[in-house]
Amino acid sequence: MTLRLGFTMLALVAFAGQAAAFEISSPSVSNGKWDAKYLGDKPGCGGQSVSIALAWKDPPAGTKSYALTMFDTDANGGKGFWHWLAWNIPASAKGLREGAGAQGGKRMPKGSVQGKGGVGRAGYFGPCPPPGSGDHHYVFTLYALGEKTLRMPASPLPEMISVAAKSSALGQATVTYTYGR
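Quick notes on the rules
Residues numbered from 1 in each chain as written. Predicted model: local features only at pLDDT ≥ 70, side-chain atom pairs only at ≥ 80, totals over all residues. Heavy atoms only, no water. Phe/Tyr/Trp six-rings, centres within 6.5 Å; stacked < 30°, edge-to-face > 60°. Helix = DSSP H or I, 4+ residues; strand = E, 2+ residues; numbered from the N terminus. Buried < 20%, exposed > 50% of the residue type's maximum accessible area, 1.4 Å probe, protein only. Pairing = 2+ DSSP bridges. Polar contact = N/O pair within 3.5 Å; in protein donor to acceptor, adjacent residues only side chain to side chain. Contact = heavy atoms within 4.5 Å.

(A) Examining the packing of aromatic side chains more closely. Counted according to the given criterion, the structure contains eight aromatic pairs. Aromatic pair Phe22 and Tyr66: ring centres 6.3 Å apart, planes at 25°, arrangement stacked. With Phe22 in the loop between α1 (2–16) and β1 (23–25) and Tyr66 in strand β3 (residues 65–72), the pair connects residues that are 44 residues apart, well separated along the chain. Across this residue pair, the class does not change: Phe22 and Tyr66 are buried. Pairing Trp84 with Tyr124 gives two aromatic rings, centres 5.3 Å apart and planes at 85°, and the pair type is edge-to-face. Placement of the pair is Trp84 in strand β4 (residues 81–90) and Tyr124 in the loop between β6 (113–114) and β7 (136–145), with a sequence separation of 40 residues. Grouping residues by exposure puts Trp84 and Tyr124 together as buried. Taken together, the ring pairs in this structure connect Trp34, Tyr138, Phe140 and Tyr177 into an aromatic cluster.

This is the structure:
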């Protein structure tokens, strides 16, 4: 009887260890295909900087808010470029709808904050790699935070947001999409 109970307990522990993974994805981008509206809105980029829709599932237990970053790892000679920074996204959010990253933040969930990225404005700025520079990798990272508010100074540097989110994270989910021209 003890042996059977031991196997049962071991099976339950193994099953519990197979919890669903925290994931982020977008229905807006597939196989490196970005609609023009999602591309950067600066001259020469060809887009409108409409943020892509994002969806996530299975956050870690205890998640009280989220922080999101979008980073081009290939820009500026490999130094990278921040395209989108948002934090204090409520734990009740299961994603962000298309266009949520508009300037002014009115389309973000209540309480969310957007920081200034590489173009010097708060909100989403779409892909805009230099022509002929090859595919760029746009890394979306969603941090599940154990606190409702990620306290940041006024006008924080993008790196400050990223470091604060990493240090407060219960878990993170990442998806990378490519784009080149």
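Structure's up, so let's keep going.
(B) The sheet that holds strand β2 (residues 54–57), seen in detail. The sheet built from three strands is open, its strands ordered β1-β2-β5 with antiparallel pairing. The sheet is open, and its two edges are formed by β1 and β5 (95–96), each paired on a single side. Across two bridges, β2 lies against β5 in antiparallel orientation. In the strand pairing of β5, Ala55 is matched with Gly95.

(C) Structural view of the side chain of Ser49. You can see Ser49 is positioned in the loop between β1 and β2. At 3.1 Å, the side chain of Ser49 forms a polar contact with the side chain of Asp41. There is a polar contact of 3.2 Å between the side chain of Ser49 and the backbone nitrogen of Gly126. Those residues within four positions of Ser49 in sequence are excluded, and the remaining contacts are Lys37, Tyr38, Leu39, Gly40, Asp41, Arg121, Tyr124, Phe125 and Gly126.

Structural measurements only, silent on function.
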